[in-house]
Amino acid sequence: MERKTETGEYQSPTNTQEHIDECSINNGSCEQGCLNTQGAYECVCPPGEKLHWNKKDCVEVVKCLPNGKPAPRAQLTCARSAGLEVCSLSCPSNALYLADSENSYTLSCGVPVQAGKPPPKRNTTLVLNTCAETQAPPIKQKARFKIKDAKCHLKPRSKEKHRDAAKQSLQGGQVPCTDDCQVTFVNLKCDSSKKRRRGRKSPAKEVSHITAEFEMEMKEGEASDGCNVDCVRERLKQRLQSAMRTLRKSINKQQFYVQFSGTDYEMAQKATRGPEAPEACSTGQVLRDGKCVSCGLGTFYSGEQEQCVLCPAGSYQDTLGQLSCEPCPSTEGPGVTGARNVSQCGGQCPAGQSSSDGFRPCQPCALGSYQHEAGRVLCFPCGGGLMTKHEGSLSFRDCEAKVHCAPGHHYNSTSHRCVRCPAGTYQAEFGQNYCITCPGNTTTDFDGATNVSQCKNQLCGGELGDFMGYIESPNYPGDYPSNVDCIWTINPPHKRRILIVVPEIFLPIEDECGDVLVMRKSALPTSITTYETCQTYERPIAFTSRSRKLWIQFKSNEGNSGKGFQVPYVTYDEDYQQLIEDIVRDGRLYASENHQEILKDKKLIKALFDVLAHPQNYFRYTAQESKEMFPRSFIKLLRSKVTRFLRPYK
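Draft legend 1. Fine view of the state of the cysteines. A complete count under the given rule lists 19 disulfides for this structure. Residue C45 pairs covalently with C58 via a disulfide, S to S 2.1 Å. Around the S-S axis, the bridge from C45 to C58 shows a dihedral of about -95° and counts as left-handed. In this pair, C45 sits in the loop between strand 4 (40-44) and strand 5 (49-51) while C58 sits in strand 6 (residues 58-60), placing the two residues 13 residues apart along the sequence. The exposure class of C45 is partly exposed, given its relative accessible area of 25%. The partner cysteine of C460 in its disulfide is C486, sulfur to sulfur 2.1 Å. Between C460 and C486, the S-S dihedral sits near -85°, and the bridge is therefore left-handed. Taken together, the positions of C460 in the loop between strand 33 (456-457) and strand 34 (461-463) and C486 in strand 36 (residues 485-490) put the pair 26 residues apart, joining distant regions of the chain.

This is the structure:
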C-alpha cells in the first residue's frame, strides 16, 4: 500500500524502477537453482554440494585447492609439559569467529562433512577434479567442558606463559596424537554465567562452559586386508575419544589454546583479584574515535599487535572482525594485499574460459558453448545443437542461431524460432534467448514487450482517511495499464463534507472517451454526479462534492494509455460549507500560475487541507511560515475569507 513521507508527500511504491528479477535472466547465470530476493538474488545448490566462491557454481562439499591438493586441515596437538597436558588447536583455513554477546562466542574451523548419499554425478564434460576419495560418514564427537571461576574472553596467550611453555615443552613429549589428529571440522562455543552458592553470602562466581564438536573424515581407501572399514572407523573413533580425554585435562588446567595466524588465544581467563580494569574492545575489534569497531574486510585482528592488519598477498578475508585470513584457492595469480574476497586473489579464468576451480590454467569454452563471467568452472551450451563461430565465446549472441530475434522476442533453441515474450516479461535487446520478468507486482498489457517501462502495476492506488486522503490511477506516475476497473468509496464521518482537488489529469482523448474517471453518489448511473472526465487537463480545479458520500470509478480500455492522476481530497465540517464554497469558487484561486502550482504541490496542498479540515489551525501557522510556504497574494485571499468567516463582527 502507499505510504506518506514525513513531509506529507504521497509516494507510490509501484513503479518500474523496482528491483529486476535477475533469476529470469538466464537463471541468474547460476549453475543450479536461482532464488530471487528483495533487491538482490542468490544461487543455491542441491544437497551434497556447496556454493563455489564465485557465488554462481556448485562444487562438492569437500573443499580443495587446485591440482587435487586439499585445503589445510585443522590440527589438534597435545603435549605433556611439566606434568600438565597442553593442547593446541591450529586453524589454517575456513576459520570463523562470531561474538554472540559479551559473555559468549563461537569459533568454527573447517567444513563439516555432510553424511548420507554421495553427491550426484555431474555431466562428464563439467565434472570438477576433486581431492576427495569415496566418502563415508565422518566420526563425530561432542563434549562439554566446565571451567570454574573463569569468563569467556578470547584473549592472546600471555607472553610469560608462552615462554614457560616453550622451555617445558623441550622436556615433554607429544601425546596422544600427532599428525594423525587432523580434524575436518571443529566448532567451539564458550558461554559464561554467574552462580551463587546456596546459603552463602560470598559473591557469585563466574563459570564458563565450552561445548566442543569435532569431526574426523574417514576415507574408505584407508581400509586394508588386515583392517577393514569397520576396523579403521573404530580406530579413528578411539583416537578421537582419547584426544578428547586429554583435551578435558588441558581445559581443566586452563592449558588449551586456539591458534590463528600464528597467535595462540586462551578461550577463558580466571577473574583477576582486586578492582577490575575497564573493559577494552572485544577480540576482533579496535578502538576508533572512542568506539569499538570490527576489523574490516581485507584485514584480520592480530592478537600480538592488537590492531587490524591487512591480509597478505595470497590470502583474503570477506567477513568482518576475523582473527586470520583465508588462503587463496590459487597461487597462479599475483593477488593483492588486503584482498576483500576471493575474486581479488588473482589468477581467475577470464570470461570465455573456465577450469575445474575457476583459476588458471584455463580452457576456452568449447565450440557450441559460452560464458561471460570471470572465475567460472563451466560454460553454458547454446542448446539445440547450435555451434559458436569460435572457441572462447562470451554470450549467446555468439551462437549461430537460425534467426536473429528482435526486441520483444527470445530465441527458442528447440524450435529454432523467435517467440514473443509472454505477458509479464520483456526483452529490450536483439538476439537474446530469454525474456526478463517484470519487477515486483507489475505486468505488461500485452505480450512482446520491449522495455521495462511497459511493466505496469495493476493495483488501484490510494489512501483513504477520515479527514484527508487521495486516490491514484494504477502504476502512477507511470502510464496506467489497459482494461483496469478501479473503484473507491469515500464515506466521511458524521457532519463532514468532501472537497476534491484535481491538480492535473492525463487521459488520452484519441480513444473516444475509452478511459473515464467519474465521481458520483453511488454505483447507480442515475445517481448525482459530481465530476466526470475522459480528457487531459493540466490546470488544477477544486470542487465540493454534491453528495455526502462519493463513489469513484476509473476505467480504461485496450487503446492508448496515459500518466493518469493522483487526486487528493479533504473532509471538512459542514458548518464551514459557506467558507469552503467561497474559497473554491473564487476565480482568484486559479488566476495566477503561482496559485495553480500550490494546488499541484503535495506539501503545500497538505498545509492547505490542514486549514480546510480544521480552520482553527489557520492561526497556528506563524506569519513567517505562511510567507515561506505561500505567495503573498494567496495568503491575502485566504486571510480575508477565513477572518471574515470566523470573526464576522471584528
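Here the narrative resumes.
Draft legend 2. Fine view of the environment of N457. Relative to the helices and strands, N457 resides in strand 33. Take N457: its relative accessible area is 0%, and that puts it in the buried class. Reaching out from N457, the side chain makes a polar contact with the side chain of N441 at a distance of 2.6 Å. A distance of 2.7 Å separates the side chain of N457 from the backbone nitrogen of L459, its partner in a polar contact.

Draft legend 3. Just the sheet that holds strand 42 (residues 550-555), in detail. Read from one edge to the other, the open sheet built from four strands follows the order 36-42-39-40, with strand pairing classed as antiparallel. The sheet is open, and its two edges are formed by strand 36 and strand 40 (529-533), each paired on a single side. Within the sheet, the average angular offset between the axes of one strand and its neighbour, ignoring direction, is 10°. Judged from the six bridges that link them, strand 36 and strand 42 form a sheet pairing that is antiparallel. Pairing of I487 across the sheet is with Q553, part of strand 42.

Draft legend 4. Region of the structure containing the pairing of strand 17 (residues 263-270). Burial runs high along strand 17: seven of the eight residues are buried. Relative to strand 17, strand 12 (residues 150-156) runs antiparallel, the two sharing five bridges. Paired with A150 across the two strands is K270, which belongs to strand 17. Sheet analysis places strand 16 (residues 256-260) next to strand 17, joined by four bridges and oriented antiparallel. Bridge pairing in strand 17 links Q259 to D264. Linking strand 16 back to strand 17 in an antiparallel pair, the connection comprises two residues, with S261 at a positive phi of about 50°.

Rules and cut-offs
- Residues numbered from 1 in each chain as written.
- Predicted model: local features only at pLDDT ≥ 70, side-chain atom pairs only at ≥ 80, totals over all residues.
- Heavy atoms only, no water.
- Disulfide = S-S within 2.5 Å.
- Helix = DSSP H or I, 4+ residues; strand = E, 2+ residues; numbered from the N terminus.
- Buried < 20%, exposed > 50% of the residue type's maximum accessible area, 1.4 Å probe, protein only.
- Polar contact = N/O pair within 3.5 Å; in protein donor to acceptor, adjacent residues only side chain to side chain.
- Pairing = 2+ DSSP bridges.
- Axes fitted to C-alpha atoms, helices over the stretch in contact; angles between N-to-C directions.

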